[in-house]
Amino acid sequence: FLTGFLTSLVGSEMTPVVVTFAILDQGGSAADVGFVLAVLPVLLAVLLLAGGVVADRLPRRVVMIGADVLRAASQGTLAALVLTGRPALWAFMVLLSVTSAGAAFFAPAMTGLIPQVASAGRLQQANAMNGLAASVAQIAGPAAGGVLVAAASPGWAVAADAASFLVSASCLAMVSVPLAR
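A brief report on the enclosed structure follows. (Residues numbered from 1 in each chain as written. Predicted model: local features only at pLDDT ≥ 70, side-chain atom pairs only at ≥ 80, totals over all residues. Heavy atoms only, no water.)

### Some points on the side chain of Ser168
- Examined against the element boundaries, Ser168 turns out to sit in helix H6 (residues 154-173).
- Excluding residues that lie within four positions of it along the chain, Ser168 makes contacts with Gly4, Phe5, Ser8, Asp68 and Phe106. (Helix = DSSP H or I, 4+ residues; strand = E, 2+ residues; numbered from the N terminus. Contact = heavy atoms within 4.5 Å.)

### Some details on the nonpolar core
- Core analysis: the largest hydrophobic core is formed by 35 residues, its most contacted members being Val18, Val19, Met64, Leu78, Phe92 and Phe106.
- In this structure Phe106 touches Phe5, Ser8, Met64, Ala67, Asp68, Arg71, Ser168 and Leu172, once residues within four positions along its chain are discounted. (Core = buried A, V, L, I, M, F, W, Y, C linked by side-chain atoms within 4.5 Å. Buried < 20%, exposed > 50% of the residue type's maximum accessible area, 1.4 Å probe, protein only.)

### Let's talk about the environment of Ala88
- Within the secondary structure, Ala88 sits in the loop between helix H3 (60-84) and helix H4 (89-117).
- Classification of Ala88 by relative accessible area gives partly exposed; the value is 31%.

### With respect to helix H1 (residues 2-25)
- Given a rise of 1.5 Å per residue, 24 residues ought to cover 34 Å, and the 34 Å separating the end C-alpha atoms of H1 matches this to within 8%.
- Of all the bends in H1, the greatest, near 40 degrees, is centred on Thr15, and the proline Pro16 appears no more than four residues after it.
- Along H1, the residues classified as buried are Gly4, Phe5, Ser8, Leu9, Val10, Gly11, Met14, Thr15, Val18, Val19, Ala22 and Ile23.
- Elements that come into contact with the buried residues of H1 comprise helix H2 (30-57), H3, H4, helix H5 (123-151) and H6.
- In the stretch just after H1, Gly27 is the one whose phi turns positive, near 95 degrees. (Expected span 1.5 Å × (residues − 1). Bend = angle between axes of the 7 residues up to and from the residue.)

### Quick word on the packing of aromatic side chains
- If you walk through the whole model with that rule in mind, you get one aromatic pair.
- Summarising the aromatic geometry, the rings of Phe1 and Phe5 are spaced 6.4 Å apart at their centres and angled 15 degrees between planes, so their arrangement reads as stacked.
- The buried category is assigned to Phe5, whose relative accessible area is 6%.
- The side chain of Arg71 reaches across the aromatic face of Phe106, ending 4.6 Å from its centre. (Phe/Tyr/Trp six-rings, centres within 6.5 Å; stacked < 30°, edge-to-face > 60°. Lys NZ or Arg CZ within 6 Å of the ring centre and 35° of its normal.)

### A word on H6
- Here H6 contains 20 residues, and its C-alpha end-to-end distance of 29 Å stays within 8% of the 28 Å for a straight helix at 1.5 Å per residue.
- Among the residues of H6, Pro154, Gly155, Ala157, Val158, Asp161, Ala162, Ser164, Phe165, Ser168, Ala169, Cys171 and Leu172 are the ones counted as buried.
- Of the surrounding elements, those touching the buried residues of H6 are H1, H3, H4 and H5.

### Considering the pattern of salt bridges
- Scanning all chains against the criterion turns up two salt bridges.
- Measuring nitrogen to oxygen at the nearest pair gives 3.2 Å for the salt bridge that ties Asp56 to Arg60.
- Under the relative-accessibility criterion, Asp56 is labelled exposed at 55%.
- Taking the shortest distance from any N to any O, the salt bridge between Asp68 and Arg71 comes out at 2.6 Å. Here the residue Asp68 and the residue Arg71 both occupy positions in helix H3, the gap between them amounting to three residues, near one helical turn. For the pair Asp68 and Arg71, a shared accessibility class is recorded, and that class is buried. (Salt bridge = Lys/Arg side-chain N within 4 Å of Asp/Glu carboxyl O.)

### Some points on the packing of H1 against H6
- Where H1 contacts H6, the axes come no closer than 8 Å and their chain directions differ by 160 degrees. If you check the angle between H1 and H6, you find them roughly antiparallel. Seen from above, H1 lies across H6 with left-handed handedness.
- For the contact of H1 with H6, the residue count by class is 12 nonpolar, nine polar and two charged. (Axes fitted to C-alpha atoms, helices over the stretch in contact; angles between N-to-C directions. Parallel < 35°, antiparallel > 145°, perpendicular 65-115°, else oblique. Left-handed = near helix turned anticlockwise from the far one by under 90°. Nonpolar A, V, L, I, M, F, W, Y, C, P; charged D, E, K, R; others polar.)

Taken by themselves, the reported measurements are silent on function.
Right, here's the structure in full:
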């Protein structure tokens, strides 16, 4: 669970850095970067409540896997577009909207899944590990994104972001969720 969650978070935290370089590398302006990156928090805020409703009604692990697969598909498509040409600004916005929608469904499901997979006696430790993973990802994600952009290209960095969501989905598929008591 923690491996998948941390990998997913690192990918999420890479997104602003690698997308910024992808847009600038395609000839975009700083204003273009601002417009595209504004999509992420706005759509997340709009859809978070719906994500919580879905996470309360469907199996949380399934919601998280679906959100990761959705994010992998949108980032993978963006990576392919960046690697093969000059995607239009609207393509960045649409695909990042899909990625943000996935995050809006992943987060509430993850919050609800932790008490299901951690015993009552270990819930505080599980929540502490969750917080530690988030802190590590906030530092490691942008750094990894910058290194990937410098070492390869913005397109390959977006592809690595997509791969992080596939790793997370694979890890979550192996998590055993006990039946409700």
